[in-house]
Amino acid sequence: MSEALIFEKSRSGRRAFAQAPQEPAASKITNRFARANVPLLPEVSELQVVRHFTRLSQQNFSIDTHFYPLGSCTMKYNPRACNALALLPGLMNRHPLGPVSHGQGFMACMFELQEMLKGVTGMQEVSLTPMAGAQGELAGVAMIRAYHLARGDDHRIEIIVPDAAHGTNPATATMCGCVVRELPTGADGDIDVEALRNAVGPNTAGIMLTNPSTLGVFERNIMDVAKIVHDAGGLLYYDGANLNAILGKVRPGDMGFDVIHMNLHKTFSTPHGGGGPGSGAVGVGERLLPFMPIPVVSAKETEGATQYVWLTKKDLPQSIGQLSGFMGNSGVLLRAYVYMRMVGRDGMRRIAEYATLNANYLQVRLQAAGFELAYPKRRASHEFIITMKSQAKTLNVSAMDIAKALLDKGYHAPTTYFPLLVPECLLIEPTETESKQTLDGFIDAMIAIASESEADGERQKGAPYNMPVRRLDDVKAARQLDLAWQPPVGN
Ligand SMILES: *Cc1c(COP(=O)(O)O)cnc(C)c1O
């Protein structure tokens, strides 16, 4: 494509409207700090800037423009109202180092958010400070380690992780200095309980579980699992990145979990993807209370009025410490607060019901259309898996080919090749915010792709055909990312 980069539109001397004063106080900057050369910036008009970035935004897939059934990522609609309220000037302009008496409104929101998350998860306390799911996991496993160390159980360093787990789980355990023991999944999608019995022992620190698992099914033996791990002296970690399926229905605390992280950016209304700000708030049960990351907001009754205060190292001397400047991503936390207040208790239940209804509707209709389910005997939770292993064998059409063909039909692809244990898989999560018409449109697209694959499997290998770019080398993009623009030689 010609002029894909804004630099390629640049013409010497062309300018857009300048919001900064023409002559900044350059003279006040000493020579030592002044630039020697003019920076390499594109010289373009305002209209060119507007067109360039608007066009780029339209070349992308987003929830605002497309159905986005990316399993495990919960790409649901995030109500604009949550954003608007999180941007209120009183909240936006609060300085984190301002006196506590000036931040009482903000702290009240944070305190109530902690309380609502406790209610939803059945945990005893919540800390809002981790800034991503992965950081919440780090906090959780660090607390498990701190708990064992405080009891003199230095040898408890083994973390059991099922083979279906999100990649961040084993990565987190390793970063915390633990040793990962992988646990196999049974044919029906539940954990192999016998294998778990054999895996636990005097070195067990804990187990990390996602429930419903990333296979899209609810772990039916969870109470047995909890007993086996607790009896062995280990603790249970709940990966609550996606709470959509369980909101108002079942609580990790009641399943026996000792610690949980929640991706507020997935379940509670912050647009995400592409590495934007997130929140991996953590909840703990009784055993881990002393180790929570700080600060936590607490409420005190003084002279008949509620006063909100920060709990710090003084109050929690065994805390694993501070994980972010101040208290995490306050914008994400405020959106989660507004969202939870907006939908309320009944709304939470409806989220779970529609998230699972939509997933099961898609699952049943895709199965009827000839797609193979990874776990055909199980009901879907908020997501489910189809496997393309027979198409891969007979037609040489892979899960990746189907994912690329979907882009041409106007749908963001589902998650591909995760979880790793299901060959040629697509993990599909429609979320509760999609209409039946949208789901039907997606099913029609899948059916059309299936028949196109039968007719001409080779053609699917070249998809997408209608996108601005075709198949990209994602390994190179990850390993040798080069975003620096250099002027062509001779210019
Ligand atoms: C998204 C996700 C994570 C990681 O969350 P980040 O905010 O991306 O760090 C962990 N576990 C599961 C199951 C997830 O879906």
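Residues numbered from 1 in each chain as written. Predicted model: local features only at pLDDT ≥ 70, side-chain atom pairs only at ≥ 80, totals over all residues. Heavy atoms only, no water.

Student: Help me get a handle on the overall build of the protein, residues and values and all.
Tutor: The secondary structure content of the protein amounts to 16 helices and 13 strands. In terms of overall dimensions, the protein has a C-alpha envelope of 70 × 70 × 45 Å along the principal axes. In the protein, which comprises 491 residues, the share counted as buried stands at 47%. Long-range contacts, defined as pairs at least 24 residues apart, comprise 72% of the intrachain contacts of the protein with a sequence gap of at least 6. When the accessible surface of the protein is totalled, it reaches about 24300 Å², and 54% of it is carbon and sulfur. One finds the centroid of the 47 positive side-chain charges in the protein at a distance of 5 Å from the centroid of its 48 negative side-chain charges. (Helix = DSSP H or I, 4+ residues; strand = E, 2+ residues; numbered from the N terminus. Buried < 20%, exposed > 50% of the residue type's maximum accessible area, 1.4 Å probe, protein only. Contact = heavy atoms within 4.5 Å. Areas by Shrake-Rupley, 256 points an atom, 1.4 Å probe, with all protein chains shown as cover. Lys, Arg positive; Asp, Glu negative; His and termini not counted. Charge placed at Lys NZ, Arg CZ, Asp CG, Glu CD.)

Student: Run through the state of the cysteines, naming residues and quoting values.
Tutor: Under the counting rule described, the total for this entry stands at zero disulfides. Free of any disulfide, Cys109 has its nearest neighbouring cysteine sulfur in Cys82, separated by 13 Å. Residue Cys425 stays outside any disulfide, its sulfur separated by 13 Å from that of Cys73, the closest cysteine. Judged by relative accessible area, Cys425 falls into the buried class, the value being 0%. (Disulfide = S-S within 2.5 Å.)

Student: Please provide a residue-by-residue account of the sheet that holds strand β12 (residues 415–416), values included.
Tutor: Across the sheet, which stays open at both edges, the four strands sit in the order β10-β11-β13-β12 with antiparallel pairing between neighbours. Each edge of the open sheet is held by one strand with a lone partner, namely β10 (372–373) and β12. Across four bridges, the pairing between strand β11 (residues 384–387) and strand β13 (residues 425–428) is antiparallel. Looking at the pairing, Ile385 lines up with Leu427 of β13. (Pairing = 2+ DSSP bridges.)

Student: Can you break down the site of the ligand residue by residue, with the values?
Tutor: As a matter of local geometry, the ligand sits amid 13 residues, with Ser72, Gly133, Ala134, Asp239 and Lys266 nearest to it. In this structure, an oxygen atom belonging to the ligand sits 2.6 Å away from a side-chain N or O atom of Ser72. The separation between an oxygen atom of the ligand and a polar main-chain atom of Gly133 is 2.8 Å. Notes on the ligand: free accessible area 380 Å², of which the protein chains cover 86%. (Near = heavy atom within 4 Å. Polar contact = N/O pair within 3.5 Å; in protein donor to acceptor, adjacent residues only side chain to side chain.)

Student: With reference to specific residues and values, describe the side chain of Asn358.
Tutor: Within the fold, Asn358 resides in helix α11 (residues 330–368). Note on Asn358: relative accessible area 8%, which makes it buried. For Asn358, the residues in contact, after removing those within four places along its chain, are Pro430, Thr431, Glu432, Glu434 and Leu439.

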